[in-house]
Amino acid sequence: MANDELFRLLGPAIGNPEQTITATGSGSARWFGRNRSFRAHRRIGGAVTGTAPTLDLRIQQSPNGTSGWTTIATFPQATATDVGFVAGAVPRYEVPGGAGTGQTITTTQDYIRADWTAGGTTPSFGDVSVEVQPINEPILLRSGAA
């Protein structure tokens, strides 16, 4: 996967693609351009705490990056059981959880962002990241072209 800072939709600072989510919110708008396809990957690598915690995470697009946001992809709802563990140890990225973590998106507007809703009583999802990877499509040549 590409490690370009611009492909990260979450994270409080450059070089840190992870953030702890405890309430409803939205990430910063990123310019991606129209009519392009990407694969978005959601990861939860930290502790999940609270009573019946849930996390609904979406990818949204906008024509100007400030208003008119519409949802173009929704990840399956995450709960405490969606974080991988090994024999009661701390959460680990390399252990898959139960929910799907990838969504294919195609933009029809210029800007995208991550948007989320945290539910339950005092929910906390640690080390959440959303990274986007361009989908490379083959260049097709017309019949007879060299």
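All of the points below concern the structure found in this document. In this text, all values refer to a predicted model and were calculated from it rather than measured experimentally.

## A word on the nonpolar core
Here's step 1: Leu-9, Leu-55 and Ile-59 are the most contacted members of the largest nonpolar core, which has 24 residues in total.
Here's step 2: Every element with two or more residues in this core is listed here: β4 (37–44), β5 (48–62) and β9 (111–134).
Here's step 3: Examining the composition of this core, we find that eight residues originate from one element, β9, more than from any other.
Here's step 4: Leaving out residues up to four positions away in the same chain, Ile-59 has contacts with Leu-9, Ala-40, Thr-70, Thr-71, Ile-72, Ala-73, Phe-75, Ile-105, Ile-112, Arg-113 and Val-130.

## Some details on the environment of Trp-31
Here's step 1: Assignment of secondary structure puts Trp-31 in strand β3 (residues 30–31).
Here's step 2: Discounting chain neighbours no more than four positions away, the residues touching Trp-31 are Arg-36, Asp-110 and Tyr-111.

## Regarding the side chain of Thr-107
Here's step 1: Examined against the element boundaries, Thr-107 turns out to sit in the loop between β8 (102–106) and β9.
Here's step 2: By relative accessible area, which is 0% here, Thr-107 ends up buried.
Here's step 3: Those residues in contact with Thr-107, other than ones at most four positions away along the chain, are Gly-33, Arg-34, Asn-35, Arg-36, Phe-38, Gln-61 and Ile-112.

## Describing the packing of aromatic side chains
Here's step 1: For the structure on display, the rule yields two aromatic pairs.
Here's step 2: Both rings, one in Phe-7 and one in Phe-32, keep their centres 6.2 Å apart while their planes meet at 45°; by these two values the pair is tilted. Of this pair, Phe-7 sits in the segment before β1 (19–21) while Phe-32 is found in the loop between β3 and β4, placing the two residues 25 residues apart along the sequence. Residue Phe-7 shares its accessibility class with Phe-32, and that shared class is buried.

## Details of unusual backbone geometry
Apart from glycine, the bulk of residues carry a negative phi angle, and the bulk of peptide bonds sit in the trans form.
Here's step 1: Located in the positive-phi region is Thr-122, a residue other than glycine, with phi close to 45°.
Here's step 2: Structurally, Thr-122 is set in strand β9.
Here's step 3: For Thr-122, a relative accessible area of 64% puts it in the exposed group.
Here's step 4: Phi at Asp-127 is positive, roughly 55°, even though this residue is not glycine.
Here's step 5: Classification of Asp-127 by relative accessible area gives partly exposed; the value is 29%.

## Notes on the pairing of β4
Here's step 1: With six of eight residues buried, β4 is to be regarded as a mostly interior element.
Here's step 2: In this sheet, β8 lies alongside β4 in antiparallel orientation, the contact comprising five bridges. Note on β8: the bridge partner recorded for Arg-39 is Thr-104.
Here's step 3: Relative to β9, β4 runs antiparallel, the two sharing seven bridges. Among the inter-strand pairings, Arg-43 is bridged to a residue of β9, identified as Ser-129.

## Digging into the pattern of salt bridges
Here's step 1: The full count for this structure, using the stated rule, is four salt bridges.
Here's step 2: Of the charged contacts in the structure, one is a salt bridge between Asp-110 and Arg-34, with a shortest N-O distance of 3.4 Å. With a gap of 76 residues between them, Asp-110 in the loop between β8 and β9 and Arg-34 in the loop between β3 and β4 connect regions that are remote in the sequence.
Here's step 3: Asp-110 sits in the buried class, given a relative accessible area of 17%.
Here's step 4: Arg-34 sits in the partly exposed class, given a relative accessible area of 43%.
Here's step 5: Asp-115 serves as the salt-bridge partner of Arg-58, at 2.7 Å between the closest nitrogen and oxygen. Residue Arg-58 is located in strand β5, and its partner Asp-115 is located in strand β9; the two are separated by 57 residues in the primary sequence.

Thresholds, definitions, all that
Residues numbered from 1 in each chain as written. Predicted model: local features only at pLDDT ≥ 70, side-chain atom pairs only at ≥ 80, totals over all residues. Heavy atoms only, no water. Core = buried A, V, L, I, M, F, W, Y, C linked by side-chain atoms within 4.5 Å. Buried < 20%, exposed > 50% of the residue type's maximum accessible area, 1.4 Å probe, protein only. Helix = DSSP H or I, 4+ residues; strand = E, 2+ residues; numbered from the N terminus. Contact = heavy atoms within 4.5 Å. Phe/Tyr/Trp six-rings, centres within 6.5 Å; stacked < 30°, edge-to-face > 60°. Pairing = 2+ DSSP bridges. Salt bridge = Lys/Arg side-chain N within 4 Å of Asp/Glu carboxyl O.

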